[in-house]
Amino acid sequence: MTFRTTGLLFALLAVSIFAIQDGISKHLGTAYPPIFVTMIRYWAFAGFALFLASRATGGLKRTTVANRPLLQISRGVLLVAQIVISVFSFSRVGLAQSHTIFAAAPLVVACLSVPILGEKVGWRRWTAIGVGFAGILLIINPLHANFDLKIIIPMISTTMFALYSVLTRLGSRADTSQTAFFYTGVAGAAAISLIGPFYWTTITFHDWFWMIILCFTGMSGHYLLIRAYSMLDAVAVQPIFYVQTVLVCLIGVFVFEEVMTLNMIAGSVIVIGAGAFTLWRESRLGRRQAEVEPVKTA
């Protein structure tokens, strides 16, 4: 296989594992407090982050040195809070409906990148954002007589993840990806450990098996994603996350007997199409900027 093909395979395996992880999170989040489930998962995540940091160039001492520590810590705390809300959304709203709304994250990222990163968004991407949010309205169907306010939960989670993604871009201007990953795991684990023990619940022997699998999927998925990013540009990896949306919806329908309505299917197709166009525009503008910068330097 070529270098690019191997990277795409790693990315595909990663999102497939993440889809399984979301299914397990729904199962555990329905039976136990989402904060407790996330805390156990993050302890494993933090251990994995420490292991990778110790093996990085310069070791643990160099990896922990951040030029913008408050930003990196904020990212870690924000992500762990977002995961708690996601697990809660899976158990209360459902896998399928939650992930059809999560698919709008690239659109929210494009909106937030304007005030936070100072990026410029042209009329084409603003049009894609508008179309994407029209798709979201189609998914949640607010005019329906039985509109459920719980649909706000995945919308909050989507916004939080988009903010985390924008802050990650901002942090990448000052710190390495190894440092960012370390703070994501360790800061998140430290934050949730302050409140998670108050939600400690006795887990059945059977569910400890699923908890261990949840921790393993988190570590293996992140490792494969790191390998994918080491071989491919981010813009090549991001569209593959839409595969996760499809897989999670299939798990929701066939494992948890959730129902995908026609408006959810049509809305998710619109959202995914708008998000894919947004990612394509970002990659195209990125290539143009890369071509212009050497000319300016010369």
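Look a little higher up for the structure.
How each quantity is defined
- In every chain, residue numbers begin from 1 and rise along the written sequence.
- Side-chain atom pairs in this predicted model are given and counted only at pLDDT of 80 or more, local residue features only at pLDDT of at least 70, and totals for whole chains, interfaces and linings cover all residues.
- Only hydrogens and water are set aside; all other atoms, that is, all heavy atoms of the structure, feed into the side-chain values.
- Secondary structure follows DSSP: runs of H or I at least 4 residues long count as helices, runs of E at least 2 residues long count as strands, and numbering of each begins at the N terminus.
- Per-residue accessibility, obtained with a 1.4 Å probe over protein chains only, is compared with the maximum for each type, and a residue is labelled buried under 20%, exposed over 50%, and partly exposed between these values.
- Residue contacts are counted whenever heavy atoms from the two residues lie within 4.5 Å of one another.
- Per-residue and other accessible areas were derived by the Shrake-Rupley procedure at a 1.4 Å probe size, with only the shown protein chains allowed to occlude residues.
- Take the number of residues in a helix, subtract one, and multiply by 1.5 Å to get its expected span.
- Patches in this entry comprise residues that are over 30% relatively accessible and not in a salt bridge; like charges within 9 Å are linked, as are nonpolar side chains (Val, Leu, Ile, Met, Phe, Trp, Tyr) within 5 Å.
- The working definition used for a salt bridge is a side-chain nitrogen of Lys or Arg within 4 Å of a carboxyl oxygen of Asp or Glu.
- Orientation is described by axes fitted as lines to C-alpha atoms, over the contacting stretch for helices, and by angles from 0 to 180 degrees between their N-to-C directions.
- Under this scheme an angle from 65 to 115 degrees is roughly perpendicular, one under 35 degrees roughly parallel, and one over 145 degrees roughly antiparallel; angles in between are oblique.
- Amino acids outside the nonpolar list (Ala, Val, Leu, Ile, Met, Phe, Trp, Tyr, Cys, Pro) and the charged list (Asp, Glu, Lys, Arg) are all regarded as polar, and Gly is one of them.
- A cavity here means a set of 1 Å grid points, computed over protein atoms only, where a 1.4 Å probe fits but cannot escape. A pocket is an open set with protein on both sides within 12 Å along at least 5 of 7 lines, and lining residues have an atom within 4 Å of a point.
- Grid points are joined across faces, edges and corners, and a volume is the space filled by probe spheres set on the points.

Bringing the overall build of the protein chain into the picture now. Tallying secondary structure elements over the protein chain gives 13 helices and zero strands in all. Buried positions account for 48% of the 298 residues belonging to the protein chain. In the protein chain, 89% of the contacts between residues at least 6 apart in sequence involve partners at least 24 apart. Within the structure as shown, the protein chain displays about 15,000 Å² of accessible surface, and the carbon and sulfur contribution to it stands at 69%.

Okay, helix α9 (residues 177-193) next. In this model α9 runs 24 Å from its N-terminal to its C-terminal C-alpha over 17 residues, within 8% of the 24 Å that 1.5 Å per residue would give. Those residues of α9 lying buried are T179, A180, F181, F182, Y183, T184, G185, A187, G188, A189 and I192. On its buried side, α9 packs onto α2 (34-55), α3 (59-63), α4 (69-92), α8 (152-172) and α10 (205-231).

Attention now moves to a nonpolar patch on the surface. Together, L149, I152, M155 and I156 make up an exposed nonpolar region whose accessible area comes to about 350 Å². By the secondary structure assignment, L149 is in the loop between α7 (123-140) and α8. Residue L149 is classed as exposed on the basis of its relative accessible area of 60%.

The next subject is the pattern of salt bridges. One pass over the full model with this rule turns up one salt bridge. Measuring nitrogen to oxygen at the nearest pair gives 3.5 Å for the salt bridge that ties K26 to E258. Of this pair, K26 sits in helix α1 (residues 3-31) while E258 sits in the loop between α12 (241-254) and α13 (262-297), placing them 232 residues apart in sequence. A residue is classified by how much of its surface remains accessible, and K26, at 11% relative accessible area, is buried.

On to the packing of α4 against helix α5 (residues 95-102), then. Between α4 and α5, the least distance of the axes is 7 Å, while the angle of their chain directions is 135°. Of the possible angle classes, the one that applies to α4 and α5 is oblique. The segment α4 lies against α5, with S86, S89 and F90 engaging L95, S98, H99 and F102. Here the residues of the contact of α4 with α5 are counted per class, giving three nonpolar, four polar and no charged.

What follows concerns empty space enclosed by the protein. Unfilled space is identified by rolling a water-sized probe across the atoms. Applying the stated criterion to the full structure yields one cavity of 30 Å³ or more. Roughly 60 Å³ of internal volume is contained in the largest cavity. Lining the largest cavity are Q21, R41, Y42, A44, F45, C215, G218, M219 and H222. For the lining of the largest cavity, the secondary-structure elements that each account for two or more residues are α2 and α10. Looking at the lining of the largest cavity, its residues break down into five nonpolar, three polar and one charged.

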